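An overview of the molecular structure
What follows is each chain in one-letter form.
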Amino acid sequence: MNVDIQSLGTFNQLAHEGAKQATQSLAQMTGIDAAVDVTKITLLDREDIGEDLAGRDFVGVQFEYDGVLEGDTVLVFDAESADTIADSMIPGAGEDPAMAQSAVKEIGNIMMSGFIDGWADYLDSTIDHSPPEYIEKSGADVLPEAPEAQDHRQVFVFKSEIEWVGESVNFYIYMLPEYEPLAEAMVESVDTEGDAIPIDKLQTFNEMTTKGTQQAADNVEMMTGIPTDAEVTQISFAPIEDVPKQIGTDTYVGTVVEFTGVPSGYLMVLFDEVSAVNVAEAMMPVEMESDELTEQHEAAIEELGNIMTSGFVDGWANVLQTSVDHTPPKLVHDMGRSIVDPLAAQVGQHQEHAFIIDSTMRTDDIEFSAEIHALPNEQELRAALDDLDVDRADETEADIEQIFE
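Here's what I pulled together on the structure shown here. Keep in mind it's a predicted model, so treat the numbers as computed, not measured.

Below, the discussion takes up the overall build of the protein chain. Along the protein chain, the regular secondary structure elements total 11 helices and 16 strands. Out of the 405 residues in the protein chain, the part that is buried amounts to 55%. Sequence separation of at least 24 residues holds for 77% of the intrachain contacts in the protein chain that already meet a minimum separation of 6.

What tends to happen in soluble globular proteins is that the nonpolar side chains get buried as a cluster. With 84 residues, the main nonpolar core has W119 and F271 as its most contacted residues. Per-element tally for this core: the top contributor is helix α8 (residues 295–320), with nine residues. Filtering out sequence-adjacent residues up to four positions away, F271 remains in contact with T251, Y252, V253, G254, A276, V279, I301, L304, M308, F368, S369 and A370. Of all hydrophobic cores here, the second largest spans 18 residues; its members include A238, V243, A344 and V347.

Running from N to C, helix α2 (residues 79–89) and helix α3 (residues 97–123) cross one another at 80°; their axes reach a closest spacing of 9 Å. Regarding the angle of α2 to α3, the classification is roughly perpendicular. Of the residues in α3, those touching α2 at I85, A86 and M89 are A100, A103, E106 and I107. By residue class, the composition of the contact of α2 with α3 is six nonpolar, no polar and one charged.

Most of strand β10 (residues 229–239) sits inside the fold, with eight of its 11 residues counted as buried. Sheet analysis places strand β2 (residues 34–45) next to β10, joined by four bridges and oriented antiparallel. In the strand pairing of β10, I41 is matched with F237. Two strands pair when backbone bridges link them, and β10 and strand β15 (residues 353–363) are joined in this way by nine bridges, in the antiparallel orientation. Across the sheet, F237 pairs through a bridge with F355, a residue of β15.

Below, the discussion takes up a negative patch on the surface. On the surface, E64, D66, E70, D128 and E133 cluster together into a patch of negative charge. When you line up the elements, E64 lands in strand β3 (residues 57–67).

This part takes up helix α9 (residues 336–347). Residues spaced three or four apart along an α-helix point in a common direction, a consequence of the helix completing one turn every 3.6 residues. Over its 12 residues, α9 extends 17 Å from the first C-alpha to the last, a length consistent with the 16 Å expected when each residue adds 1.5 Å. Taken residue by residue, α9 has G336, I339, V340, L343, A344 and V347 as its buried positions. Each buried residue of α9 lies within a common arc of 115° when the element is viewed along its axis, so the set occupies one face. Contacts from the buried residues of α9 go to α6 (243–247), β11 (251–261), β12 (265–272), β14 (330–335) and β16 (368–376).

S275, A276, V277, V279, A280 and M283 are the residues of helix α7 (residues 273–283) that are buried. For α7, the capping residue at the N-terminal end is D272, with a side-chain oxygen 3.2 Å from the backbone nitrogen of V274.

Criteria and thresholds
- Each chain has its residues counted from 1, following the order in which its sequence is written.
- Only residues with pLDDT of at least 70 are given local features in this predicted model, and only at 80 or more are side-chain atom pairs given and counted; all residues enter the totals for whole chains, interfaces and linings.
- Excluding hydrogens and water, the side-chain figures rest on all heavy atoms present in the structure.
- A run of H or I in DSSP counts as a helix once it spans at least four residues, and a run of E counts as a strand once it spans at least two, with each numbered from the N terminus.
- Relative accessibility under 20% of the residue-type maximum defines a buried residue, over 50% an exposed one, and the middle range a partly exposed one, all with a 1.4 Å probe and only protein chains included.
- Two residues form a contact once any of their heavy atoms are found within 4.5 Å.
- As used in this record, nonpolar core signifies buried Ala, Val, Leu, Ile, Met, Phe, Trp, Tyr and Cys residues forming a set joined through side-chain atoms within 4.5 Å.
- Here an axis means a line fitted to C-alpha atoms, over the contact stretch when the element is a helix, while the angle between two N-to-C directions is reported on a 0 to 180 degree scale.
- To sort the angles, those under 35 degrees are grouped as roughly parallel, those over 145 as roughly antiparallel, those from 65 to 115 as roughly perpendicular, and the leftovers as oblique.
- Under the grouping applied here, Gly and all other residues not named as nonpolar or charged are polar, the nonpolar ones being Ala, Val, Leu, Ile, Met, Phe, Trp, Tyr, Cys and Pro and the charged ones Asp, Glu, Lys and Arg.
- Being paired, for any two strands, means DSSP has found at least two bridges between them.
- Each patch is assembled from residues with relative accessible area greater than 30% and no salt bridge, linking like charges that lie within 9 Å and nonpolar side chains (Val, Leu, Ile, Met, Phe, Trp, Tyr) that lie within 5 Å.
- All accessibility values rest on the Shrake-Rupley procedure with a 1.4 Å probe; residue burial counts only the protein chains present in the view.
- One speaks of a salt bridge when a side-chain nitrogen belonging to Lys or Arg is within 4 Å of a carboxyl oxygen belonging to Asp or Glu.
- Asp and Glu are treated as the negative residues and Lys and Arg as the positive ones, with His and the ends of the chain left uncounted.
- Think of each charge as sitting on NZ of Lys, CZ of Arg, CG of Asp or CD of Glu.
- How far a helix is expected to stretch is found by multiplying one less than its residue total by 1.5 Å.
- Starting at the helix axis, one direction is taken to each C-beta atom, and the arc is that of these directions.
- Between N or O atoms, a polar contact is any pair within 3.5 Å; within protein, one atom must be a potential hydrogen donor and the other a potential acceptor, and residues adjacent in sequence are included only when both atoms are from side chains.

This is the structure:
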């Protein structure tokens, strides 16, 4: 099956508008303004869904829906926000668990009914949904099991992040549709074959990046002696102006390179400040006296970022059978959005939407995590995928290992 960029953009906008309608309903009920921060379509492995929710407790509501689309949708609030939400509707409800649960359930019912009805209106068809089920769980357990598809280990997930303006309340809308009905709906929206991307090749590219992430993690271990695991790899699709929002406002240290060829674009290797100090010192022959970032720390990060980048870019080139070069790494130390914003602006000169390729890696030995973000040129990525031989995906691991010899 093929899906075109316009169709992905349309479905992403549809999810965004549904989230806006849901937040407007919330504002009317509570009197507190909420704004949709970012909406994106993500293709990722089933087992990785909800990884970004780890370590937190949530409450919310869940619906099953069926019709032209089938699956589950979930509205979740972090548990600390539940009392605030309940009190905004019924003063004092936050002190009564039963009243708080009732308030969350009522909010969720109104918000999510509008969200699903918006999809049905656009698709000019019927989508029925079950009564809301109240949920109270931790981490990814708050989400339903990902829908199974016989031939697909990866699934499309729609996710909206909503910020409650002026309050320390954030909440999320997850939509987990069954693969086949969604793919068929997207295919029906394809206008021009030349603008289309084969879904199976997009999945293969995602698997290829997953292997590249693990090899990069292995290389971190080789250089530092710290056992490092690749955790999540995903391809997201969002309007170009929303790309910096996905990185957030935390401060990062890392490297940025521009890669040229097919595809071209930018690649970032980013560490939070604590991780940067820890991994850099693991590479140094002597212990540093300062806990602050020094020129020696930055030099170590630059070296590590360069090797991780080379593995990614060269691994793509091997499997895609293209020539991909990259510039020397540029050290960056800034707020995430400030790092990404100029890169998104460059890519945005030629496209309205962007594919964002994200990977993370962590270790339990020390406080350490790293993120890899790639921002490829949309047209060139489409051309590379069009030429991709799916059968060569198994060669990725061997090729990348050769790079690190």
